[in-house]
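Results of the structural survey
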Amino acid sequence: MAANMNKLTVLSLAVMVALAGCSDDDKDENNILAVDNTIAVGSEQCVNGGVETQTGVDTNGNGVLDSDEVTSSNLVCNAPATSLTSEQLATLTTNAWYGDAQTKLAATQQANSEVVTESGKAKNVILFVGDGMGISTVTAARILAGQLEGGLGEDYQLSFEKMPYSGFVKTYNVDAQTPDSAGTMTAMVSGVKTDVGVIGVDEDIERGDCATVTGNELVTSLELAEIAGKATGLISTARITHATPAATYAKSADRNWEDNSDMPEGTEACEDIASQLVNFEANLESRYAGIDVDGIDVVMGGGRRHFLPKDEAANSTDAVSAVEGDRTDGRNLVTEWQTTYPSGTYVMDQTGFDAISDDASKVFGLFNESHMQYEADRANDVAGEPSLSEMTEKAINVLDNNDNGFFLSVEAGRIDHAHHAGNAYNALNDTVEFAKAVQVAMENTNPEETLIVVTADHSHVFTIAGYPKRGNPILGKVVAVGETEPSLAADDMPYTTVGYTNGLGYRDLGDETNADASYLAAPVTGRVDLTDVDTTSAGFHQEALVPLGSETHAGEDVGVYAMGPGAHLVTGTNEQSFLFHVMDFAADLVTTADEKVTP
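Residues numbered from 1 in each chain as written. Predicted model: local features only at pLDDT ≥ 70, side-chain atom pairs only at ≥ 80, totals over all residues. Heavy atoms only, no water.

What follows concerns the overall build of the protein. Counting its secondary structure elements, the protein contains 16 helices and 21 strands. Computed over C-alpha atoms, the radius of gyration of the protein comes to 34 Å, more than 25% over the 25 Å expected from 2.2 N^0.38 for 599 residues, which places it beyond the range of a compact globule. Considering only C-alpha atoms, the protein reaches an extent of 125 × 70 × 45 Å along its principal axes. In the protein, which comprises 599 residues, the proportion classed as buried is 52%. When contacts within the protein are restricted to residue pairs at least 6 apart in sequence, long-range pairs at least 24 apart make up 69% of them. (Helix = DSSP H or I, 4+ residues; strand = E, 2+ residues; numbered from the N terminus. Rg over C-alpha atoms; globule rule 2.2 N^0.38 Å. Buried < 20%, exposed > 50% of the residue type's maximum accessible area, 1.4 Å probe, protein only. Contact = heavy atoms within 4.5 Å.)

Laid out in structure tokens, this is it:
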């Protein structure tokens, strides 16, 4: 009988396994019980829940399958849910973060579906360069911009952060781990990485050796656009002869050769950078056979001293030096430009800028003896000068008259200078103005025919640190979550959220809006008690760890953002020289220009 009972038990178990889940508590005439136990969602056994069926013989006849009576079990897990109920989704759909992400997802999908991926579809190309605008600068400027508008700041987005494509750029120069602007901008506009301190030439150059320029010249995006028949423009808040803008038009063995007085003996065979700008048309035509170009259409920035002779009679009305000009060759390049372009418009102040007609044929604006003012200091300019966003809008209005389209390079050069001076206030405010200039370009161009690329040439040793609570003033002292008083460091003194690894260090200059005032005193070493100091004021300069005569560049990657035809190529981590090739792909610059050159 025992053998038969075992046989019946096995047979019944087989039947019960096949029928698992059909009943919660079954018992047959042989006292065999089957019990279904529900497995909760999220359990280790079944993450989506399920049913475990236990079977066995109720040997004690109590009607319950005790643990020692279980002879087998069968686990059936539920399949993953293909949809959630409205009740299950309620905690998500009513959450602002969740809703914002869904909106962003839809916008991204829409942007991806509309992107133009064919080569040569960009009629216009605009390259924006925030000089020294590293990732930490973008983050801090984003927070500042949001706080200036009354928000907490962290959730804000600068104009270019809304672009559908972005990536990273490696900034090193051929001979340097941490780069300078000359080599980095040359890479962006020529497609070839090169050495520190040289402009528009490849790495075979020897810095400072005039004779090595010939044969190593590179062709730039601006030059290709000019040859292709497009309008061309160049804007900078720095001197227009400074490294970043100069890399679009000049070929120089040294970035410092801004005018002839900057060039050492023995370099007479080389042309200074300011002269190359005024002679751009003639120089370009001499390098390529059969082309006929009309020169750069819009040039606006600082650096007037490099275009004027060292003669008080040539001073402008807002000259801050007794003799404004630096040139020792007697040339007045402003009058030379006016002779070359008699119908062109030369301006040097806000009044002249405001009078520029949108149908102007040529515009040459030199708004300062040296660099233009910091955005926060602009009201203090003697004769007044336009903002970066105003210059950008004016340039687009003038350049857009060309039916073939245009190439425009826009640099916010003074972000870099404020960082060098250790003044986050001006660096961030100039970055906010830079974002406004990008917004102007976005609003005044057709995204279906205009590629806009926004990036930086390099970063700075600018940090965001500590554990401040959300909404804490980005230029303020660190105040921790749940606290109202500043956190104290191990030395029992408060500290700021933003700071510098090296540089001139602490200054408390009150409401001084010119960051360069920092250079009037020696570097400050060590910590300073900031308890009674307003660190959000324009004249506050952050502490620095390593004392130097000027804060330095940093070597990490920088961001790149893009929209328009060809923007889909801006993704991942790339060599800086890759950006030229993106612009060339979008506008077909090389092929179009090559067709104009006589074989």
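Regular strands place side chains that alternate from one sheet face to the opposite one. With 6 of 6 residues buried, strand β12 (residues 450-455) is to be regarded as a mostly interior element. Where strand β5 (residues 124-130) meets β12, 6 bridges bridge the pair, whose relative direction is parallel. By the bridge assignment, Asn 124 is partnered in β12 with Thr 450. (Pairing = 2+ DSSP bridges.)

Quick look at the packing of helix α12 (residues 388-399) against helix α14 (residues 424-443) now. Here α12 crosses α14 at 20°, and the two axes come no closer than 8 Å. Classified by the interaxial angle, the pair formed by α12 and α14 is roughly parallel. Judged by the sense of rotation from one axis to the other, the crossing of α12 with α14 is right-handed. Facing Leu 388, Ser 389, Thr 392, Glu 393 and Ile 396 of α12, the residues of α14 in contact are Glu 433, Phe 434, Lys 436, Ala 437, Val 440 and Ala 441. Residues that form the contact of α12 with α14 fall into these classes: 6 nonpolar, 2 polar and 3 charged. (Axes fitted to C-alpha atoms, helices over the stretch in contact; angles between N-to-C directions. Parallel < 35°, antiparallel > 145°, perpendicular 65-115°, else oblique. Left-handed = near helix turned anticlockwise from the far one by under 90°. Nonpolar A, V, L, I, M, F, W, Y, C, P; charged D, E, K, R; others polar.)

Overall, the prediction assigns the protein a mean pLDDT of 93, with 95% of residues at 70 or greater. The low-confidence segment residues 1-25, where pLDDT is below 50, has 26 contacts with residues more than four positions distant or belonging to other chains. (pLDDT = per-residue confidence, 0-100.)

Across the sheet, which stays open at both edges, the 3 strands sit in the order β14-β15-β18 with mixed pairing between neighbours. A single partner strand is all that each edge strand has here, and the edge strands are β14 (462-464) and β18 (544-547). When strand polarity is set aside, the average angle formed by the axes of neighbouring strands in this sheet is 20°. Note: strand β15 (residues 498-503) against β18, 3 bridges, orientation parallel. Bridging across to β18, Asn 502 finds its partner in Val 546.

Before going further, it helps to spend a moment on the state of the cysteines. Under the criterion given, the structure shown has 2 disulfides. Sulfur-sulfur distance for the disulfide between Cys 46 and Cys 77 comes to 1.8 Å. Residues Cys 46 and Cys 77 share a disulfide whose torsion about the S-S bond is about -60°; that sign makes it left-handed. In this pair, Cys 46 sits in the loop between β2 (32-39) and β3 (50-57) while Cys 77 sits in strand β4 (residues 70-77), placing the two residues 31 residues apart along the sequence. (Disulfide = S-S within 2.5 Å.)

The next thing to look at is the layout of surface pockets. Put simply, the largest pocket is a space of about 350 Å³. Lining the largest pocket we find 20 residues, and of these Ser 370, His 371, Met 372, Arg 414 and Asp 516 sit closest to its centre. Here the lining of the largest pocket is composed, by residue class, of 5 nonpolar, 8 polar and 7 charged. (1 Å grid on protein atoms, 1.4 Å probe; cavity = no way out; pocket = protein on both sides within 12 Å on 5 of 7 lines; lining within 4 Å. Points joined across faces, edges and corners; volume = space filled by probe spheres on them.)

Where charged atoms from two side chains of opposite charge come close, those side chains can pair. Taken as a whole and assessed by the stated rule, the structure comprises 23 salt bridges. Note that Asp 294 is salt-bridged to Lys 362, the shortest N-O span being 3.8 Å. Highlighted residues: Asp 294 in the loop between α9 (280-287) and β8 (298-302) and Lys 362 in the loop between α11 (350-354) and β10 (363-366), separated in sequence by 68 residues. In this structure, Arg 327 and Asp 329 form a salt bridge, with 2.8 Å as the shortest nitrogen-oxygen distance. Overlapping salt bridges bring together Glu 154, Asp 155 and Arg 470 as one network. (Salt bridge = Lys/Arg side-chain N within 4 Å of Asp/Glu carboxyl O.)

In globular proteins that are soluble, nonpolar side chains generally tend to be buried together. Among the nonpolar cores identified, the biggest contains 109 residues, and Phe 128, Phe 160, Phe 307 and Phe 434 are the most heavily contacted of them. The element contributing the most residues to this core is α14, with 8 residues. Look past the residues within four positions of Phe 160 in its chain and what remains in contact with it is Met 133, Val 138, Phe 434, Ala 435, Val 438, Val 454 and Tyr 561. Counting 9 residues, the second largest nonpolar core, distinct from the first, contains Val 198, Val 201, Ile 205 and Met 263. (Core = buried A, V, L, I, M, F, W, Y, C linked by side-chain atoms within 4.5 Å.)

Moving on: the packing of helix α4 (residues 135-148) against α14. The geometry of α4 relative to α14 is characterised by a closest axis approach of 9 Å and an angle of 80° between their N-to-C directions. Taken together, α4 and α14 sit at an angle that is classed as roughly perpendicular. In this structure, α4 contributes Thr 137, Ala 140, Ala 141, Leu 144, Ala 145 and Leu 148 to the contact, and α14 contributes Leu 428, Asn 429, Thr 431 and Val 432.

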